[in-house]
Amino acid sequence: MNRITNKKTGILYISYDGILEPLGQSQVLSYLERLAARHNIILISFEKSSDWKHTGKRDAVCRRIQAAGIEWVPLRYHKRFSVLATLFDITQGIMVGGWLTARYRIQIIHARSYVSSVIALVLKKMFGVKYIFDMRGFWADERVDGGIWPSNSRIYYIAKWFEQHFLLSADYVVSLTHSALSEIKTFPYLQGRMPRFEVITTCADLELFKATTNIIEKRERSFVLGYVGSVGTWYLFDEVLRFFKILHKQVPGAVLHILNRGDHDYILERISVAGLSPDLFQLNAADHTEVVQVMQKMDAGIFFYKPTYSKLATAPTKLGEFLGCGVPCISNAGVGDIQEILQGEQVGVALNNFSDKELDAGLKSLFELTRQPDIQQRCRQAAGNYFSLENGVAAYDRIYNELAS
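Here we summarise the structure given alongside this text. (Residues numbered from 1 in each chain as written. Predicted model: local features only at pLDDT ≥ 70, side-chain atom pairs only at ≥ 80, totals over all residues. Heavy atoms only, no water.)

### Structural notes on the nonpolar core
Buried together is how nonpolar side chains tend to be arranged in soluble globular proteins.
Item 1. L256 and F304 are the most contacted members of the largest nonpolar core, which has 63 residues in total.
Item 2. Looking at this core element by element, the count peaks at seven residues for helix 10 (residues 237-250).
Item 3. Filtering out sequence-adjacent residues up to four positions away, L256 remains in contact with L225, G226, Y227, V240, L241, F244, L280, F281, Q282 and I302.
Item 4. Core analysis: the next-biggest nonpolar cluster, separate from the first, contains 37 residues, V115, V173, A180 and L181 among them. (Core = buried A, V, L, I, M, F, W, Y, C linked by side-chain atoms within 4.5 Å. Buried < 20%, exposed > 50% of the residue type's maximum accessible area, 1.4 Å probe, protein only. Helix = DSSP H or I, 4+ residues; strand = E, 2+ residues; numbered from the N terminus. Contact = heavy atoms within 4.5 Å.)

### Things to note about the packing of helix 10 against helix 15 (residues 356-370)
Item 1. Direction vectors running N to C along helix 10 and helix 15 enclose 60 degrees, while the axes themselves pass 10 Å from each other. Between helix 10 and helix 15, the angle falls in the class oblique. For the crossing formed where helix 10 meets helix 15, the hand is right-handed. Residues R242, F243, I246, L247 and Q250 of helix 10 pack against D356, L359, D360, G362, L363 and L366 of helix 15.
Item 2. Split into classes, the residues belonging to the contact of helix 10 with helix 15 amount to six nonpolar, two polar and three charged. (Axes fitted to C-alpha atoms, helices over the stretch in contact; angles between N-to-C directions. Parallel < 35°, antiparallel > 145°, perpendicular 65-115°, else oblique. Left-handed = near helix turned anticlockwise from the far one by under 90°. Nonpolar A, V, L, I, M, F, W, Y, C, P; charged D, E, K, R; others polar.)

### Focus: the pairing of strand 5 (residues 130-134)
Item 1. A large share of strand 5 lies buried, amounting to four of its five residues.
Item 2. Pairing geometry for strand 4 (residues 108-112) and strand 5, over five bridges, is parallel. Residue pairing for strand 5: R112 is matched across the bridge by D134.
Item 3. As paired elements, strand 5 and strand 6 (residues 172-175) share three bridges and run parallel to each other. Residue pairing across strands places I132 opposite Y172, the latter belonging to strand 6. (Pairing = 2+ DSSP bridges.)

### What about the environment of R34?
Item 1. Turning to its location among the elements, R34 is positioned in helix 1 (residues 22-35).
Item 2. The partly exposed category is assigned to R34, whose relative accessible area is 34%.
Item 3. As a C-alpha pair, R34 and A68 span 34 residues in sequence and 7.7 Å in three-dimensional space.

### Considering empty space enclosed by the protein
Item 1. Overall, the coordinates contain one cavity of 30 Å³ or more when judged by the stated rule.
Item 2. Y13, Q27, Y31, L32, L35, H110, R112, D134, R136, Y396 and Y400 are the residues that line the largest cavity.
Item 3. Looking at the lining of the largest cavity, the elements that each hand over two or more residues are helix 1, strand 4 and helix 17 (389-404).
Item 4. Looking at the lining of the largest cavity, the element that brings in the most residues is helix 1, giving four residues.
Item 5. Partitioned by chemical class, the residues of the lining of the largest cavity number six nonpolar, two polar and three charged. (1 Å grid on protein atoms, 1.4 Å probe; cavity = no way out; pocket = protein on both sides within 12 Å on 5 of 7 lines; lining within 4 Å. Points joined across faces, edges and corners; volume = space filled by probe spheres on them.)

Here's what the structure looks like:
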């Protein structure tokens, strides 16, 4: 354990996502490293056994955390017997979190998402500390929309009961999107009882994800449409292939470059079902640095989501990364603030539906954007406006100071 110093505010940050996971490092640790310069940060995370056994990566993350002056308390994540495992994790989180809150005189508990908030809610009632509900999305509804829980299941109603109490008990609520905030404002139980809110979207490392390829060079070779990330559950990959088929008819040399881990068999099967030749595709797995290098060479990015209720609260990190690389995007409306960002900043296209007519019109608009001489600069500016790590850190710092005072 690191030695805690007497800084202004004692913060206990609880993440049910492991810090050894890429998500934990990019969306938790990147913020906390900077916030630790101004606050005492104690971090509880729940680490998966598969991540913990990689000692080299674990030691590297430990050094990074120690260098920032963060006190890290890693707990083991349990999955077997799903509900019971989660209850066990919540119990150990309350016990460890209670000891840390008393030991270090914690003033604020910052809980990332719902499971962490169960722990935080108990600790708030025990110690009277301030509580930040960093909701990240409509978690219970995501599980219904993803087919994990039935909409009429008891566990769904329990989760929504907790969601109500998180919102009513929080001293501050952080949402990823303005669309989610607008929806939350309609909840009947919050009428006249709205908590303080802040919209802080996911961050992208804009020092890493930046434009390097000259736009003239891009025009001198085949058009590259890029797809980065998962293809299952929330994504409409078949519609991506339909869009590419239209693109290839109009631009015969076009290529779809797919960066993905773990779903290659499924991707190749869907390509075959779509009647497309594998020669028109590049399919790779890549590490974080390689992803940047490949994205920088793309002419446009594409990702389509299932437009479900829970997606109102989604803020795709990949959008910030594409824009950081100077790459305009095409996606679909009804997902977080995507439409407002892409069309408001003139850095992409948001489709209203997936009809052939809409796909064709979207392709024409996207192709025109890629030919504009200042498109890379506009994309970078939009990335800075919406996905800047520095802006996110400043917003969290402001919340901490406001609650502490």
